[in-house]
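Remarks on the overall topology
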Amino acid sequence: DQQVKQNSPSLSVQEGRISILNCDYTNSMFDYFLWYKKYPAEGPTFLISISSIKDKNEDGRFTVFLNKSAKHLSLHIVPSQPGDSAVYFCAAQGGSEKLVFGKGTKLTVNP
Amino acid sequence: NAGVTQTPKFRILKIGQSMTLQCTQDMNHNYMYWYRQDPGMGLKLIYYSVGAGITDKGEVPNGYNVSRSTTEDFPLRLELAAPSQTSVYFCASSLNSYEQYFGPGTRLTVT
């Protein structure tokens, strides 16, 4: 059973617009959430994270929102740039040293 | 700082052969992890280590072995390679078990 779900395999947006990537989780023990970005033929790189004691965390163009009651988080990228085109993984952690990853969403930002 | 390095980058194995995937980190991180990523899937944890001399199984440990004799190195051993082990393998390390830093990956094909 998937504890972390990214239901959209792909997303396409125009340069300059907002990209919204979504992630749902089922395990109530999760208390820390991360987003990773992955380019082809490279390892994932850490992008932004949020603790369950917050509902928003912002870093430049990237903002992560957490809705604990809905067990939902989202990553907003504003404005989107062609260099943001990559696969984005949502990950969650709680009660152990292990991260649980979603399957990823491929973002394409069109010039 | 080289970060997390993995060798080799690519490898083709015949069914039944064995090999060791090397992983080294120079950040003095206690936590190290091995993941595999199959096409269209997220990262699945194979094994992890919370410090030298300590290893534990992840979600998909069958067919693999690990050791952690030093803080820096965390090799992954495949015995009796099978086609189901065709995948991209990522090693990661972490200071505090939260943000993980990934290597560039090893693409393994078993035929």
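For the structure, check the block above.
Attention now moves to the state of the cysteines. Residues and elements named next belong to chain B. In this structure the tally under the stated criterion is two disulfides over all chains. Through a disulfide, C23 is tied to C91; the S-S separation comes to 1.8 Å. Note on the C23 and C91 pair: the S-S dihedral is about -70 degrees, so by sign convention the disulfide is left-handed. On the criterion of sequence distance, the pair formed by C23 in strand β3 (residues 19–25) and C91 in strand β9 (residues 87–94) is long-range, its members being 68 residues apart. The same class applies to C23 and to C91, which are both buried.

Contact residues are listed per partner, giving 20 residues for chain B and 18 residues for chain A. For the pair chain B and chain A, the two sides together bury roughly 1,600 Å², of which 62% comes from carbon and sulfur. Across the contact surface, chain B and chain A share zero salt bridges. Listing elements by their share of the side of chain B that touches chain A, those giving two or more residues are β4 (31–37) and β5 (43–51) of chain B. A breakdown of the residues in the side of chain B that touches chain A according to their chemical character gives 12 nonpolar, six polar and two charged.

Moving on, we come to the pattern of salt bridges. As enumerated under the stated definition, the model contains five salt bridges over all chains in all. Between E58(A) and K56(A) there is a salt bridge, and its shortest N-O distance comes to 3.9 Å. Residue class for K56(A) comes out partly exposed when judged on its relative accessible area of 42%. D38(B) is the salt-bridge partner of R36(B), the closest N and O atoms lying 2.9 Å from each other. Among the charged side chains, a salt-bridge network with shared partners connects K37(A), R61(A) and D84(A).

What follows is about the side chain of S49(A). Among the structural elements, S49(A) can be located in strand β5 (residues 45–51). A distance of 3.4 Å separates polar atoms of two side chains, one belonging to S49(A) and the other to E99(B).

This part covers the sheet that holds strand β8 (residues 76–78) of chain B. All names here are of chain B. Read from one edge of the open sheet, four strands run β1-β3-β8-β7, paired in antiparallel fashion. Since the sheet does not close on itself, it has two edges, and those belong to β1 (4–7) and β7 (64–66), each with one partner. Each strand of the sheet is rotated relative to its neighbour by a mean of 20 degrees, with strand direction disregarded.

For the rest of this paragraph, the subject is the nonpolar core. In this structure, F33(A), W35(A), L73(A), L75(A) and Y88(A) are the most contacted members of the largest nonpolar core, which totals 23 residues. Elements that contribute at least two residues to this core include exactly β3 (19–25), β4 (32–38), β5, β7 (62–67), β8 (72–77), β9 (86–93) and β11 (105–110) of chain A. Of the residues forming this core, the biggest block, four residues, is contributed by β9(A). Counting 19 residues, the second largest nonpolar core, distinct from the first, contains C23(B), M32(B), Y64(B) and C91(B).

Rules used throughout
- Residues numbered from 1 in each chain as written.
- Chains lettered and ligands numbered in written order.
- Predicted model: local features only at pLDDT ≥ 70, side-chain atom pairs only at ≥ 80, totals over all residues.
- Heavy atoms only, no water.
- Disulfide = S-S within 2.5 Å.
- Helix = DSSP H or I, 4+ residues; strand = E, 2+ residues; numbered from the N terminus.
- Buried < 20%, exposed > 50% of the residue type's maximum accessible area, 1.4 Å probe, protein only.
- Contact = heavy atoms within 4.5 Å.
- Buried area = accessible area lost by both parts, 1.4 Å probe.
- Salt bridge = Lys/Arg side-chain N within 4 Å of Asp/Glu carboxyl O.
- Nonpolar A, V, L, I, M, F, W, Y, C, P; charged D, E, K, R; others polar.
- Polar contact = N/O pair within 3.5 Å; in protein donor to acceptor, adjacent residues only side chain to side chain.
- Pairing = 2+ DSSP bridges.
- Axes fitted to C-alpha atoms, helices over the stretch in contact; angles between N-to-C directions.
- Core = buried A, V, L, I, M, F, W, Y, C linked by side-chain atoms within 4.5 Å.

The values are spatial; any link to function lies outside them.
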